[in-house]
Amino acid sequence: GPTKPLKLPPIDHLIIRDGALRFADQQRRLSFTGTVSSSEEVSGPGQGVFVMQGRGMLNSAPFAAFVRGGPLIHVDPRRPYDFQASLDAGATHATLQGRLDHPFNFAAFSGRGAIRGPDLARLYTITGIAFPNTPPYALRAGFARRDQVYALRGIQGRVGGSDLEGSLTADKSHPRLYVTGNLFSHRMRTADLIAVVGGASRRVGRGELSPLQQEESARLTAEHRILPDVPLQVDRLRSMDADATYGASQVDAGHFPMRDFHMRVRLDHGVLDVDPLSVDFSQGHLGGMIRLDGRRAVPITAIDLRLSNAQLAPLIKSKGPNPPVEASLWARARLQGTGASVRAAAAHANGSVTAVLPSGAMRKTIGNLINFNLDRTAFLLITRNKKDTPIHCAVMDFQARQGLLTIDQGVMDTGEAQIHATGDVSLRDETLDLRFDAKPKKFSIIRLNAPITLKGGFDKPKLGVDIVHAIPQAAGAVALGVVAAPLAAVLPFVGPGLAHNADCQALVGAAEAPHKPVQTAHR
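Quick notes on the rules
- Per-chain numbering applies: the sequence of each chain, read as written, is numbered from 1 onward.
- Predicted model: local features are reported for residues with pLDDT of at least 70 only, side-chain atom pairs are reported and counted for 80 or more only, and whole-chain, interface and lining totals are derived from all residues.
- Side-chain calculation: all heavy atoms of the structure are included, whereas hydrogens and water are not.
- Like charges are joined within 9 Å and nonpolar side chains (Val, Leu, Ile, Met, Phe, Trp, Tyr) within 5 Å, but only among residues with over 30% relative accessible area and no salt bridge; these make up the patches.
- Accessibility throughout is a Shrake-Rupley quantity obtained with a 1.4 Å probe, and a residue counts as covered only by protein chains that appear here.
- Take a side-chain nitrogen of Lys or Arg and a carboxyl oxygen of Asp or Glu: if they are within 4 Å of each other, that pair is a salt bridge.
- Burial classes follow relative accessibility: with a 1.4 Å probe on protein chains only, a residue under 20% of its type's maximum area counts as buried, one over 50% as exposed, and anything between as partly exposed.
- A pair of strands is labelled paired if DSSP reports no fewer than 2 bridges between them.
- A run of H or I in DSSP counts as a helix once it spans at least four residues, and a run of E counts as a strand once it spans at least two, with each numbered from the N terminus.
- Our working definition of a disulfide is a cysteine sulfur pair at a distance within 2.5 Å.
- Two aromatic rings from Phe, Tyr or Trp, using only the six-membered ring of Trp, form a pair when their centres are within 6.5 Å; if the ring planes differ by under 30 degrees the pair is stacked, by over 60 it is edge-to-face, and anything between is tilted.
- Throughout this description, the term nonpolar core refers to a set of buried Ala, Val, Leu, Ile, Met, Phe, Trp, Tyr and Cys residues connected via side-chain atoms within 4.5 Å.
- The contact criterion used throughout is that any non-hydrogen atoms of two residues lie within 4.5 Å.
- A residue's pLDDT is the confidence the predictor assigns to it, expressed on a 0 to 100 scale.
- To estimate the expected span of a helix, count its residues, drop one, and scale the result by 1.5 Å.
- Directions drawn from the helix axis to the C-beta atoms are what define this arc.

S.K.: Which residues make up a nonpolar patch on the surface, and what values go with them?
M.R.: On the surface, Ile-194, Val-196 and Val-197 cluster together to form a nonpolar patch covering roughly 190 Å² of accessible area. Take Val-197: its relative accessible area is 35%, and that puts it in the partly exposed class.

As structure tokens, this is what we get:
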């Protein structure tokens with residue numbers, strides 16, 4: 001529980017020679033063993049220096065502290081006492097320039113400080129605050145203490161490649177430490193944000209990663225994995241409560257720019273809620289919530305995220321000025337999994353993931369690929385042929401059971417063909433096993449209906465043609481008889497307005513009446 005701040009009477013003489021100090025904090029699993037010494041020099045009235053220093057091992061890492069102030073013999077309780085301090089805890093280095101309002105009442109002091117280190121999470125042993133994992137950082141701020149409240153104001157600096165500013169307050173007057181804050185970045189790098197869950201981007205150099213990230217990056221590369229397997233430190237979440245916001249006006253996400261990132265983080269007795277989570281794209285929006293329930297030894301993670309009106313064109317690389325696919329993407333993911341890491345939670349995920357393209361256009365040669373043109377020239381024309389075919393509506397609905405996402409419904413209706421998708425996406429071993437079968441709307445004597453396959457790991461999936469299962473094309477258009485009727489329920493799950501989209505309504509109608517060909521609004 002809360003303890004009263006240390007309040008000592010004015011000390012006018014303090015000398016320690018070869019002092020031995022052992023300290024243990026069982027709640028934070030903190031231990032220190034070392035030596036402490038102090039000395040004082042007085043060179044004249046109001047002149048001189050008092051020095052106290054200590055060094056030793058803090059949780060098996062080297063620790064050193066140095067404090068310097070005016071001579072104690074001149075201390076006046078009615079006047080502030082100025083001091084400077086430096087602290088080294090492993091690779092973490094901090095400097096302070098402070099003032100005690102009334103020596104030596106440690107309930108009221110203020111000043112400015114700077115700190116740098118490899119990972120903010122390492123500050124837990126010193127501060128008791130459960131900071132997230134981060135890449136290397138360098139920050140400075142004004143600080144103050146008033147009784148049980150600590151405040152950091154005017155925070156400025158960098159975390160990884162992201163700038164950071166704002167304020168934090170830690171209140172120890174409650175039975176549990178309560179942290180509030182508002183933080184902001186003018187430009188945030190997604191490679192820095194994924195460090196929170198132990199991830200490590202392959203787009204940045206090793207010098208920009210924390211030791212934890214470097215280790216995880218090497219492991220992910222060796223295992224051909226993407227999802228991090230760093231254990232989440234949920235025991236720290238149970239030691240404090242929090243309510244903080246973070247925002248960024250611009251987000252560096254490679255060739256897919258984002259802006260206006262915002263989230264509110266609330267922590268209450270081990271339950272962490274990120275709600276709302278909101279990101280705007282140049283066109284489109286991502287919103288929703290994430291919950292981490294850390295009250296048990298093995299945490300439970302739940303997400304409910306919606307993507308609305310996002311454009312596919314920026315996601316697809318193209319050699320020419322015109323992208324091979326232009327369409328708006330709507331999607332929703334609602335999943336829950338149990339596990340001590342992101343990878344473990346994904347491997348046990350249950351729920352659903354659904355994506356809808358209510359309209360758009362694609363190169364005709366892409367559609368021809370899925371029908372497999374015998375002369376194979378279609379493979380060379382994806383970025384050269386400028387002719388488009390409309391995408392009237394597409395739906396991909398996955399059901400997740402213990403980390404295996406199986407296509408429950410997968411269909412795309414274009415001007416050239418009706419394409420059906422089957423297969424699985426495994427979050428357990430991060431692999432794809434998908435198949436796309438096309439039913440062309442026009443008869444062609446030189447075309448076979450050969451399925452396109454997408455297989456392999458998340459890091460390097462491979463696109464192929466399943467010639468073994470090629471079958472002669474049926475004459476005329478083929479109706480959507482293989483699509484399950486609940487498509488009508490899938491559309492409003494992703495976005496309420498999709499249920500009223502004319503082309504998607506036509507697709508739903510074809511699913512419910514499989515003997516009739518699709519007649520979309522564009523035709």
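S.K.: Break down the pairing of strand S3 (residues 47–58) for me, with residues and values.
M.R.: Taken residue by residue, a regular strand's side chains alternate between the two faces of the sheet. As judged from the nine bridges shared by S3 and strand S4 (residues 61–69), these two strands associate in the antiparallel manner. Paired with Gln-53 across the bridge in S4 is Phe-66. Adjacent in sequence and paired antiparallel, S3 and S4 are bridged by two residues, among which Asn-59 carries a positive phi angle near 50 degrees.

S.K.: Give a description of the state of the cysteines that names residues and reports values.
M.R.: This structure, assessed with the given rule, holds one disulfide. Across a sulfur-sulfur distance of 2.1 Å, Cys-393 and Cys-504 are joined as a disulfide pair. As the torsion about the S-S bond is roughly 90 degrees, the Cys-393-Cys-504 disulfide counts as right-handed. With Cys-393 in strand S20 (residues 388–401) and Cys-504 in helix H8 (residues 502–512), the pair connects residues that are 111 residues apart, well separated along the chain. Classification of Cys-393 as buried rests on a relative accessible area of 1%. Here Cys-504 falls in the buried class, since its relative accessible area comes to 0%.

S.K.: Got a sec to walk through the packing of aromatic side chains? Specific residues and values, please.
M.R.: Inspection of every chain in the model, using the stated rule, returns four aromatic pairs. Between Phe-32 and Phe-63, the ring centres sit 5.4 Å apart and the planes meet at 75 degrees, which makes this aromatic pair edge-to-face. Highlighted residues: Phe-32 in strand S2 (residues 30–44) and Phe-63 in strand S4, separated in sequence by 31 residues. Take Phe-32 and Phe-63: they sit in the same class, and that class is buried. Ring centres of Tyr-81 and Phe-104 lie 5.4 Å apart, and the angle between their planes is 65 degrees; on these two criteria the pair is classed as edge-to-face. With Tyr-81 in strand S5 (residues 81–89) and Phe-104 in the loop between strand S6 (92–100) and strand S7 (108–117), the pair connects residues that are 23 residues apart, well separated along the chain. Accessibility assignment for this pair places Tyr-81 and Phe-104 in one class, buried.

S.K.: Now, about the nonpolar core: what can you tell me, with residues and values included?
M.R.: Formed by 62 residues in total, the largest nonpolar core has its most connected members in Leu-139, Val-179, Met-240, Tyr-246, Phe-261, Leu-357 and Met-412. Dropping the residues within four chain positions of it, Met-240 is found in contact with Gly-128, Ile-129, Ala-130, Arg-176, Leu-177, Val-179 and Leu-267. Formed by eleven residues, the second largest nonpolar core is a distinct cluster that contains Cys-393, Val-395, Leu-498 and Cys-504.

S.K.: Would you mind going over the pairing of strand S18 (residues 350–357) in detail, with residue names and values included?
M.R.: Here strand S17 (residues 325–338) runs beside S18; their pairing, made up of seven bridges, is antiparallel. Each bridged residue has a counterpart across the sheet, and for Gln-336 the counterpart in S18 is Asn-350. Here seven bridges tie S18 to S20, and the two strands are oriented antiparallel to one another. Counterpart to Thr-354 in the pairing with S20 is Asp-397.

S.K.: Give a detailed account of the confidence of the model for the protein chain, specifying residues and quantitative values.
M.R.: Regions with low pLDDT should not have their predicted coordinates read in detail. For the protein chain, mean pLDDT is 84; residues scoring 70 or higher make up 84% of the total. Low pLDDT (under 50) marks residues 472–485, which in the prediction has 34 contacts with non-local residues, meaning those over four places away or in another chain.

S.K.: Can you explain helix H3 (residues 211–223)? Please cite residues and give values.
M.R.: Taking 1.5 Å per residue as the helical rise, H3 with its 13 residues ought to reach 18 Å, and the 18 Å between its terminal C-alpha atoms agrees with that figure. Within the span of H3, buried status applies to Gln-213, Glu-216, Ser-217 and Leu-220. In an axial view of H3, the angular spread of the buried residues amounts to 105 degrees, which keeps them on one side of the axis. Of the exposed residues in H3, the ones pointing more than 90 degrees away from its buried face are Glu-215 and Ala-222. In the core, the buried residues of H3 are packed alongside helix H2 (190–193) and helix H5 (342–347). Immediately beyond the C-terminal end of H3, within one or two residues, lies His-224, with a positive phi of roughly 55 degrees.

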